[in-house]
Amino acid sequence: DVTGSNSVTVDALSAVPSDWEPWEGTVVELENVRAQEPTDEYGLTLTNLEISLDDCIFDYTVDYDQGQTYTSISGAVRWSYDEQKLCPRFGANLVE
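Residues numbered from 1 in each chain as written. Predicted model: local features only at pLDDT ≥ 70, side-chain atom pairs only at ≥ 80, totals over all residues. Heavy atoms only, no water.

(A) Geometry of the pattern of salt bridges. One pass over the full model with this rule turns up one salt bridge. Two residues, aspartate 54 and arginine 78, come together in a salt bridge whose shortest N-O distance is 3.0 Å. Note that aspartate 54 is positioned in strand β4 (residues 52-54) and arginine 78 in strand β5 (residues 69-80), a separation of 24 residues in sequence. What makes aspartate 54 buried here is its relative accessible area of 4%. (Salt bridge = Lys/Arg side-chain N within 4 Å of Asp/Glu carboxyl O. Helix = DSSP H or I, 4+ residues; strand = E, 2+ residues; numbered from the N terminus. Buried < 20%, exposed > 50% of the residue type's maximum accessible area, 1.4 Å probe, protein only.)

Structure representation (structure tokens):
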């Protein structure tokens with residue numbers, strides 16, 4: 001059941017942070033995102049912004065075209081297995 005009516009705040013980052021830790025657990029928007037490597041067997045895709053996309057919330061790999069540059073990608077920032085990850089929440093988070 002949905003019990004609230006507030007919307008999620010998305011922080012647009014104009015530059016890649018030197019430290020992702022303050023952003024853990026928040027939803028951020030990154031601009032000009034491009035895949036640096038193919039998606040691996042764990043659903044991770046390393047991007048040009050030194051953060052991996054992760055399919056932990058939404059299987060972005062259905063909508064994500066390797067090598068394509070996206071105007072922006074939004075998602076939740078999380079830390080797991082010694083690296084920061086960006087987890088898109090739905091297809092609309094990948095803006096061409």
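(B) Seen up close, unusual backbone geometry. With a phi angle near 65 degrees, glutamate 50 is a residue other than glycine that sits in the positive phi range. Mapped onto the elements, glutamate 50 comes out in the loop between β3 (44-46) and β4. Among the residues examined, glutamate 50 registers a relative accessible area of 67% and is labelled exposed. In this structure, tyrosine 81 takes a positive phi of about 50 degrees despite not being glycine. Along the chain, tyrosine 81 turns up in the loop between β5 and β6 (83-87). A relative accessible area of 77% means that tyrosine 81 is categorised as exposed.

(C) Main features of the pairing of β5. Taken together, the seven bridges between strand β2 (residues 27-34) and β5 define a ladder with antiparallel strand orientation. Residue pairing in the sheet places glutamate 29 in a bridge with serine 74 of β5. For β5 and strand β7 (residues 94-95), the ladder comprises two bridges, and the chain directions are antiparallel. Bridged to serine 72 within β7 is valine 95. The pairing of β5 with β6 spans five bridges and is classified as antiparallel. Across the sheet, the residue bridging to serine 80 is glutamate 83, located in β6. Joining the antiparallel neighbours β5 and β6 is a turn of two residues, in which tyrosine 81 adopts a positive phi near 50 degrees. (Pairing = 2+ DSSP bridges.)

(D) Here's a closer look at the pairing of β2. One ladder, built from three bridges, connects strand β1 (residues 10-12) with β2; its direction is parallel. The residue of β2 that forms the bridge with alanine 12 is glutamate 29.

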